[in-house]
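Chain and residue survey
Spelled out, the chains give:
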Amino acid sequence: MAKPVRKAVFPVAGLGTRFLPATKAMPKEMLPIVDKPLIQYAVEEAQEAGIEEFVFVTGRAKSAIEDHFDHSVELEKVLRERGKTDSLEAVTDWMPPPGHISYTRQQNPLGLGHAVWCARNFIADEPFAVLLADDLILGSPGCLKQMVDVHRHVGGNLVAVEDVPPDQTDQYGVLDVSTDDGRLAQAKGLVEKPKPADAPSTLSIIGRYILEPIVLTILEHQDQGAGKEIQLTDAMAKSINLVPFHGYRFEGRRFDCGSKVGYLEANIAYALARDDMRDEFAEMLKGYTTDVGAAAE
């Protein structure tokens, strides 16, 4: 039985250049999906999975994230005085308890592996999760909860994976698979962003990881990989003969909120999944689909 996964790392130091000018002064992780920022979805997914300690790897101009995970005394006072109980709960009930959130800086943009390594002093000698807020996953239970349940039995490194079109393998870390039962694939190797002709498979890693601390030891060497960055995929590949390594096909739908189209699609999907706005929103969409059809003709 593997050690429990109690800690999670959230790399949030990126500049979000694909969403400029919206992200000029606002962290991309604070972009809302309906009425909740991306980073809150990631934290709530971690909470559902039993995570107790939350480590944010931040950068410059990310103070809005810290403010979001703190009490807003003035706002809460006004909501309380006006009897807006639902609104008050919406800004307080999901927050982790005091002392369970930590922040550290990634001073230089040296890659995802470097960002995870920056959290090393908060992890110590136990498995930990990594969640990328850009990858938003609509599913019940959440993706990380599914992974924690699987990790309890298989241990080692476990990553969320999905099959991508062959011409997109150069956007992901790709598994070289030894066995695959359709849900859990054991990997004998990993390749970071291979060209389609060189990809060992189309089974690609998305932004959910459960990692053993040996990965942090490997990252200590600061070896540069693709794009001259310190790649998390490379460190995981070097650990394959040291700990078990599996890719898990999660149940749910992933939205790439690092792209504009993926972000807009996520807003539509999450709005349609809500009982309080599904019917009204669907009716509104009908008008746009009619307009699109007419324009196509």
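Heads up: the structure comes first, above all this text.
In this report, we go over the structure that sits alongside the text. Bear in mind that the values here come from a model prediction, so they are computed numbers and not experimental data.

**So, the overall build of the protein chain**
Counting its regular elements, the protein chain contains 11 helices and 13 strands. What you see for the protein chain is a C-alpha radius of gyration of 20 Å, in line with the 19 Å of a compact globule of 297 residues. Overall size of the protein chain, expressed as C-alpha extent along the three principal axes, is 60 × 55 × 35 Å. Of all 297 residues assigned to the protein chain, the portion counted as buried reaches 46%.

**Things to note about the packing of aromatic side chains**
Enumeration according to the criterion identifies eight aromatic pairs in this entry. Where Phe-255 meets Tyr-270, the ring centres are 6.2 Å apart and the plane angle is 65 degrees; that geometry is what we call edge-to-face. Taken together, the residues Phe-255 in strand S13 (residues 253-256) and Tyr-270 in helix H10 (residues 260-272) connect sequence positions 15 residues apart. For the pair Phe-255 and Tyr-270, one class covers both residues: buried. Site record: aromatic cluster; members linked through ring pairs are Phe-10, Phe-54, Phe-56, Phe-69, Trp-94 and Tyr-103. Directly above the ring of Tyr-41 sits Lys-36, whose terminal nitrogen or CZ lies 4.8 Å from the centroid. The positively charged end of Arg-120 is found above the aromatic ring belonging to Trp-117, 3.6 Å away from the centroid.

**Digging into the nonpolar core**
Of all hydrophobic cores here, the largest spans 48 residues; its most connected members are Phe-10, Ile-33, Ile-39, Phe-56 and Leu-144. Per element, the largest residue contribution to this core is six residues, and it comes from helix H1 (residues 38-48). Those residues within four positions of Leu-144 in sequence are excluded, and the remaining contacts are Glu-45, Ala-46, Ala-49, Ile-51, Ala-129, Leu-131 and Ile-210. The next biggest cluster of nonpolar side chains, apart from the first, holds 32 residues, and it includes Leu-203, Ile-205, Val-215 and Met-236.

**A few points about the environment of Asn-241**
Take Asn-241: it is sitting in the loop between helix H9 (232-238) and strand S12 (245-249). Note: C-alpha distance between Asn-241 and Pro-194 (47 residues apart in sequence) is 21 Å.

**Some points on the side chain of Asp-134**
Looking at the secondary structure, you find Asp-134 in the loop between strand S6 (128-131) and strand S7 (135-138). For Asp-134, the residues in contact, after removing those within four places along its chain, are Lys-28, Phe-255, Asp-256, Cys-257 and Gly-258.

**Structural notes on the packing of helix H3 (residues 73-81) against helix H4 (residues 85-92)**
At a minimum axis separation of 8 Å, H3 and H4 run at an interaxial angle of 155 degrees. Considered as vectors, H3 and H4 are oriented roughly antiparallel to each other. Considering the relative orientation of H3 and H4, their crossing is left-handed. For the pair formed by H3 and H4, the contact residues are Leu-75, Glu-76, Leu-79 and Arg-80 on the first element and Ser-87, Leu-88, Val-91 and Thr-92 on the second. Along the lines of polarity and charge, the residues of the contact of H3 with H4 split into four nonpolar, two polar and two charged.

**Examining the pairing of strand S10 (residues 184-192)**
Two elements, strand S9 (residues 173-180) and S10, share seven bridges in a ladder whose sense is antiparallel. When the sheet's bridge partners are listed, Val-174 is paired in S10 with Val-191. Between S9 and S10, which follow one another and run antiparallel, lie three residues, and Gly-182 among them has a positive phi close to 95 degrees. Here three bridges tie S10 to S12, and the two strands are oriented antiparallel to one another. Directly across from Ala-185, in S12, lies its bridge partner Gly-247.

Analysis parameters
Residues numbered from 1 in each chain as written. Predicted model: local features only at pLDDT ≥ 70, side-chain atom pairs only at ≥ 80, totals over all residues. Heavy atoms only, no water. Helix = DSSP H or I, 4+ residues; strand = E, 2+ residues; numbered from the N terminus. Rg over C-alpha atoms; globule rule 2.2 N^0.38 Å. Buried < 20%, exposed > 50% of the residue type's maximum accessible area, 1.4 Å probe, protein only. Phe/Tyr/Trp six-rings, centres within 6.5 Å; stacked < 30°, edge-to-face > 60°. Lys NZ or Arg CZ within 6 Å of the ring centre and 35° of its normal. Core = buried A, V, L, I, M, F, W, Y, C linked by side-chain atoms within 4.5 Å. Contact = heavy atoms within 4.5 Å. Axes fitted to C-alpha atoms, helices over the stretch in contact; angles between N-to-C directions. Parallel < 35°, antiparallel > 145°, perpendicular 65-115°, else oblique. Left-handed = near helix turned anticlockwise from the far one by under 90°. Nonpolar A, V, L, I, M, F, W, Y, C, P; charged D, E, K, R; others polar. Pairing = 2+ DSSP bridges.

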